[in-house]
Amino acid sequence: RAANASHPFTRLRVFAKMGSTACASFASRTTLAWVVSKPRKRVHQTSVVRAAPGASIRRASAVTAAVSSPAGRDTAAAALEVNLADSLRPTSAECAKTLVAIADTGTLATTGEDGVALGTFASYVVTKQGGDVVLRMRADALHTLNIGRDTRCSLYVQPSTQPPGVLSRATLIGSLVKLNGDDLPLVEAQYAETHGAGVGVDGAGFGDEYYNLTVDRVFYVGGLGSDKRAEVVTAEQFGAAKADPLAKNANKIVDAMNVERYEDVMNFSRASLGKDVEPAEARMLWVDKLGFDIRVVTGGNGKQKVLDVRLPFPAAANTAQEALSSLTMLAQVMWEEEKQYTPVPVPREPKEEETE
């Protein structure tokens with residue numbers, strides 16, 4: 001169905017059941033896709049054409065692909081689902097860097113004298129100067145003694161600010177090197193700014209030591225519904241990656257959408273599920289520079305299903321203002337489609353005839 005062809009937000013939505021070959025062909029002609037995952041028996045994949053930089057969104061095409069259970073899916077369809085999901089998100093290296101930037105505590109694993117791994121609470125900062133991960137450790141702490149024998153360690157990071165159901169995590173694997181010299185005062189000041197004086201065994205004390213975590217590799221595990229990645233990121237990839245620019249504001253944006261603009265969140269859900277499925281409730285889970293995730297509950301009377309929906313932005317959002325602007329624009333598009341809105345042409349004054 002097509003809206004007024006002269007309107008800059010014209011949408012042409014096409015729903016069709018496609019085989020894996022046709023779906024792959026369609027995906028190759030698009031730059032972004034909406035991915036809906038869970039339940040496993042049916043996965044809806046919807047693709048949106050990204051407009052050229054600075055241009056209006058002229059068209060949005062949608063495709064619903066019926067996918068059988070995982071055991072019955074062919075390899076091409078399964079690969080397409082993974083590729084579409086990965087293309088809508090920051091890379092694993094960027095996601096891991098974002099998790100480390102959001103959190104400031106983790107679980108440090110060191111090797112004990114008996115060869116058994118010891119996991120302990122640890123705080124850290126990401127230095128403003130070089131982006132290094134630095135830990136403050138008491139000189140007489142057991143994990144500090146362990147590092148004295150074997151510098152190899154791992155730091156497990158899972159931000160406590162993530163909403164329920166969004167359980168992405170990263171494990172930094174490498175070794176600890178004691179800091180000395182000119183960088184130490186800067187690190188101490190940043191530590192005091194981030195963590196304060198602390199209390200009890202976590203409090204700052206005389207003789208505390210600071211260690212730089214030299215990362216050899218990172219094990220990243222995605223936690224959102226369509227983010228099924230569990231992979232190793234190299235030290236080079238992790239070092240070159242940048243944290244998501246929305247990381248510090250993501251929770252505020254999510255809370256605002258779920259509380260103040262809940263109707264928009266529901267409209268996003270309706271648009272991604274198709275005509276025959278009506279969401280009972282929905283909430284935004286997370287937002288990053290490339291898009292956002294929504295958890296949708298459908299059905300009722302004991303037949304509820306939970307779906308995780310990934311929706312892309314028409315262009316990367318590098319600030320909170322750009323993200324809110326994209327959300328507002330997409331909400332307007334969804335509203336116009338729901339209401340079958342047709343803009344009223346603006347009357348033009350007739351041109352005056354030129355007189356000699």
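Rules used throughout
- Numbering of residues begins from 1 in every chain and follows the order in which that chain's sequence is written.
- Selection of residues for local features in this predicted model requires a pLDDT of at least 70, selection of side-chain atom pairs for listing and counting requires 80 or more, and totals for whole chains, interfaces and linings are taken over all residues.
- Heavy atoms from the whole structure form the basis of all side-chain values; hydrogens and water molecules are not counted.
- For this analysis, a ring pair means two rings from Phe, Tyr or Trp (six-membered ring only for Trp) whose centres lie within 6.5 Å, classed as stacked if their planes differ by under 30 degrees, edge-to-face if by over 60, and tilted for the remaining angles.
- Each helix is a run of DSSP H or I of at least 4 residues and each strand a run of E of at least 2, with the numbering of both proceeding from the N terminus.
- We call a residue buried when its accessible area falls under 20% of the maximum for its residue type, exposed when it is over 50%, and partly exposed in between, using a 1.4 Å probe and counting protein chains only.
- We call a set of buried Ala, Val, Leu, Ile, Met, Phe, Trp, Tyr and Cys residues a nonpolar core when their side-chain atoms join them within 4.5 Å.
- We define a polar contact as two N or O atoms separated by no more than 3.5 Å, with the added condition that, inside protein, one atom must be a possible hydrogen donor and the other a possible acceptor, whereas residues neighbouring each other in sequence contribute only through side-chain atom pairs.
- Per-residue confidence from the predictor is given as pLDDT, running between 0 and 100.
- The contact definition used throughout considers only heavy atoms, calling two residues in contact when any of these lie within 4.5 Å.
- The criterion for strand pairing is that DSSP finds at least two bridges linking the strands in question.
- Whenever a helix is involved, its axis is fitted only over the stretch in contact; in every case the axis is a line through C-alpha atoms, and angles between N-to-C directions fall within 0 to 180 degrees.
- Any angle that falls under 35 degrees is termed roughly parallel, while one over 145 is termed roughly antiparallel, one within 65 to 115 roughly perpendicular, and all others oblique.
- Classes in brief: Ala, Val, Leu, Ile, Met, Phe, Trp, Tyr, Cys and Pro nonpolar; Asp, Glu, Lys and Arg charged; the others, Gly included, polar.
- By convention in these notes, a salt bridge is any Lys or Arg side-chain nitrogen within 4 Å of a carboxyl oxygen on Asp or Glu.

1. Some points on the packing of aromatic side chains
Thinking step 1. All told, the structure shown has 4 aromatic pairs when counted by the stated rule.
Thinking step 2. For the ring pair Phe-292 and Phe-313, a centre distance of 5.7 Å and an interplane angle of 40° mean the geometry is tilted. Taken together, the residues Phe-292 in strand E11 (residues 291-298) and Phe-313 in the loop between strand E12 (305-312) and helix H9 (320-339) connect sequence positions 21 residues apart.
Thinking step 3. When its relative accessible area of 0% is taken as the criterion, Phe-292 is described as buried.
Thinking step 4. Taking the relative accessible area as the measure of exposure, Phe-313 reaches 1% and is therefore buried.
Thinking step 5. Ring-pair connections join several aromatic residues into one group, and the members of that group are Phe-268, Phe-292 and Phe-313.

2. A few points about the nonpolar core
Thinking step 1. Counting residues in hydrophobic clusters, the biggest one holds 33 residues, and the most contacted among them are Tyr-124, Leu-135, Leu-155, Leu-172, Leu-176 and Leu-213.
Thinking step 2. Those elements that provide at least two residues to this core are helix H3 (92-102), strand E4 (117-126), strand E5 (133-137), strand E6 (152-157), strand E7 (169-178), helix H5 (183-195) and strand E8 (209-221).
Thinking step 3. Looking at this core, the element that brings in the most residues is E8, giving 6 residues.
Thinking step 4. Within the second largest apolar cluster, 30 residues are counted, among which are Val-254, Leu-273, Val-296 and Leu-327.

3. Focus: the side chain of Asp-293
Thinking step 1. Examined against the element boundaries, Asp-293 turns out to sit in strand E11.
Thinking step 2. Asp-293 sits in the buried class, given a relative accessible area of 3%.
Thinking step 3. Of note is the side chain of Asp-293, whose polar atom sits 2.7 Å from the side chain of Arg-89.
Thinking step 4. Among the polar contacts listed, one links the side chain of Asp-293 to the side chain of Arg-310, at a separation of 2.8 Å.

4. Topic: the confidence of the model for the protein chain
Thinking step 1. In this model, the protein chain carries a mean pLDDT of 76, and residues with pLDDT of at least 70 account for 69%.
Thinking step 2. Between the elements of the protein chain, mean pLDDT differs from a low of 31, seen in helix H1 (residues 20-28), to a high of 97, seen in E6.
Thinking step 3. Note on residues 1-34: pLDDT under 50 across the span, and 91 contacts to partners over four residues away in sequence or across chains.
Thinking step 4. Under a pLDDT of 50 for its full length, residues 38-73 has, in the predicted model, 95 contacts with residues more than four places off or in other chains.

5. A word on the pairing of E4
Thinking step 1. Relative to E4, strand E3 (residues 105-111) runs antiparallel, the two being bridged by 7 bridges. Looking at E4, one finds that Thr-111 is bridged to Ala-117.
Thinking step 2. The turn linking E3 back onto E4 is made up of 5 residues, and Gly-115 within it adopts a positive phi angle of 85°.
Thinking step 3. With 3 bridges connecting them, E4 and E5 associate as antiparallel partners. When the bridges of E5 are listed, Val-126 appears paired with Val-133.
Thinking step 4. Once E4 ends, the chain turns through 6 residues before running back antiparallel as E5, passing Gly-131 with a positive phi of about 75°.

6. A word on the environment of Thr-298
Thinking step 1. Tracing the sequence through the fold places Thr-298 in strand E11.
Thinking step 2. Taking the C-alpha atoms as reference, Thr-298 lies 9.6 Å from Leu-273; in sequence the two are 25 residues apart.
Thinking step 3. Once residues lying within four places of it in the same chain are set aside, the contact partners of Thr-298 are Leu-273, Val-277, Glu-278, Pro-279, Ala-280, Lys-303, Gln-304, Lys-305 and Leu-307.

7. A closer look at H3
Thinking step 1. Counting buried residues in H3 gives 10 out of 11 residues, a clear majority hidden from the surface.
Thinking step 2. Residues of H3 that are buried: Ser-92, Ala-93, Glu-94, Cys-95, Ala-96, Lys-97, Thr-98, Leu-99, Val-100 and Ile-102.

8. What to know about the packing of helix H7 (residues 250-260) against helix H8 (residues 262-273)
In helix packing, the relevant descriptors are the interaxial angle and the interaxial distance, both defined with respect to the helix axes.
Thinking step 1. Orientation of H7 relative to H8, taken along the N-to-C sense of each, is 95°, at an axis distance of 5 Å. Compared by their axis directions, H7 and H8 come out roughly perpendicular. Between H7 and H8, the contacting residues are Met-257, Asn-258, Val-259 and Glu-260 on the first element and Tyr-262, Asp-264, Val-265 and Phe-268 on the second.
Thinking step 2. Split into classes, the residues belonging to the contact of H7 with H8 amount to 5 nonpolar, 1 polar and 2 charged.

9. Focus on unusual backbone geometry
Thinking step 1. A positive phi angle, close to 55°, is found at Gln-340, a residue other than glycine.
Thinking step 2. Tracing the backbone through its elements, the reader meets Gln-340 in the segment after H9.

10. Examining the pattern of salt bridges
Here the idea is simple: oppositely charged side chains can pair when their charged atoms come close.
Thinking step 1. If you walk through the whole model with that rule in mind, you get 12 salt bridges.
Thinking step 2. A single salt-bridge network, built from bridges that share partners, covers Arg-89, Asp-288, Asp-293 and Arg-310.

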